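Here is how the chains run, residue by residue.
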Amino acid sequence: MDILQILLDLFTGYGYFAVFIVLLVCGFGVPIPEDITLVAGGIISGLGYTDVHVMFAVGMAGVLVGDGLMFLAGRVYGDRVLRFKPIAKVMTPERFAAVQEKFARYGNWVLFVARFLPGLRSPIFLTAGLTRRIPYWRFLLMDGFAALISVPVWVYLGYFGARNHEWLMQMVHRGQAGILIAIAVLAVVLGGFYWRHKRRESKARRNAEDLIAK
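Because the structure is a prediction, the values reported are computed rather than measured.

(A) Seen up close, the overall build of the protein. For the protein, the count of helices and strands is 9 helices and 0 strands. For the protein, the residues scored as buried account for 40% of the 214 residues in total. Sequence separation of at least 24 residues holds for 75% of the intrachain contacts in the protein that already meet a minimum separation of 6.

Structure, rendered in structure tokens:
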């Protein structure tokens, strides 16, 4: 039985509560696809078990609370959280180094992009809390903005494709590919801004050195 059918059986029986709990668990890095979870929530709304607009609100709450708890775990417990085995499995030394490099290169925009990167989402949010350089309100702003893009896409896609699973799965795969393309474009744009910023800094530094030399 595939993960979508398992989630549908669970959500049909327990409704909004089950959707919220599964999304909460996703936020802790458990390998349950968040997009498929949201699609499953939309499907049971399309089949009449729940209201799709309430499901959208539950989806937003689930992803934001799950992400927020990862951020707060890093903020409150610091490096000690890395000694907790379930966290250590998510935050390997290699991932920690990769996330730190991304923060150094792209700054707070990493928090926005993280919503679309399942493998790095939890490590990025945990690292953001560990650094203690990002206010909680800014984290929620960046993550919430990204969630307002991804959550309604998956929930309403499931809602409209509830009675046509073949079409729905085709659209899910296209949506995943589209998001990856959008991330790649965003990365290029951010890289361009970063390069221009560094170039201006370098030029300003050279001008200052020239003035001092004179």
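(B) Up close: the pattern of salt bridges. Overall, the coordinates contain 1 salt bridge when judged by the stated rule. A salt bridge links Glu34 to Arg121; the shortest N-O distance between them is 3.4 Å. Remark: Arg121 occurs in helix α7 (residues 118-131) and Glu34 occurs in helix α2 (residues 34-46); sequence separation between them is 87 residues. Neither residue differs from the other here; Glu34 and Arg121 are each classed as buried.

(C) Spotlight on the UniProt feature "transmembrane region" (unreviewed entry) in the protein. UniProt tags residues 7-32, 52-73, 139-157 and 177-195 as "transmembrane region" (unreviewed entry). Taken end to end, residues 7-32 has its terminal C-alpha atoms 10 Å apart, with 81% of it in helix and 0% in strand.

(D) View of the packing of helix α1 (residues 3-27) against α2. Following both chains from N to C, one finds α1 and α2 inclined at 120 degrees, their axes separated by 8 Å at the closest point. As far as their axial angle goes, α2 and α1 are oblique. Note on packing geometry: the crossing formed by α1 with α2 is left-handed. Within the contact between the two elements, α1 uses Ile3, Leu4, Leu7, Leu8, Phe11, Thr12, Val19, Val22, Leu23 and Cys26 and α2 uses Glu34, Ile36, Thr37, Leu38, Ala40, Gly41, Ile43 and Ile44. For the contact of α1 with α2, a count of residues per class yields 14 nonpolar, 3 polar and 1 charged.

(E) Molecular detail of the side chain of Asp143. Within the fold, Asp143 resides in helix α8 (residues 136-160). Residue classification places Asp143 among the buried positions, given a relative accessible area of 0%. Non-local contacts of Asp143, meaning those with residues more than four positions away in its chain, are made with Val63, Leu64, Asp67, Arg115 and Phe125.

(F) Just the environment of Gly62, in detail. With respect to the element layout, Gly62 can be found in helix α3 (residues 52-77). A relative accessible area of 0% means that Gly62 is categorised as buried. C-alpha separation for the pair Gly62 and Phe20, spaced 42 residues apart in sequence, amounts to 4.8 Å. Each residue touching Gly62, except ones within four places of it in the same chain, is listed here: Phe20, Leu23 and Leu24.

(G) Here's a closer look at the side chain of Arg121. Residue classification places Arg121 among the buried residues on the basis of a relative accessible area of 8%. In this view, Arg121 contacts Glu34, Asp67, Ala114 and Arg115; residues no more than four positions away in its chain are not counted.

Parameters and conventions
- Residues numbered from 1 in each chain as written.
- Predicted model: local features only at pLDDT ≥ 70, side-chain atom pairs only at ≥ 80, totals over all residues.
- Heavy atoms only, no water.
- Helix = DSSP H or I, 4+ residues; strand = E, 2+ residues; numbered from the N terminus.
- Buried < 20%, exposed > 50% of the residue type's maximum accessible area, 1.4 Å probe, protein only.
- Contact = heavy atoms within 4.5 Å.
- Salt bridge = Lys/Arg side-chain N within 4 Å of Asp/Glu carboxyl O.
- UniProt positions renumbered as here; feature names shortened; annotations may be inferred.
- Axes fitted to C-alpha atoms, helices over the stretch in contact; angles between N-to-C directions.
- Parallel < 35°, antiparallel > 145°, perpendicular 65-115°, else oblique.
- Left-handed = near helix turned anticlockwise from the far one by under 90°.
- Nonpolar A, V, L, I, M, F, W, Y, C, P; charged D, E, K, R; others polar.

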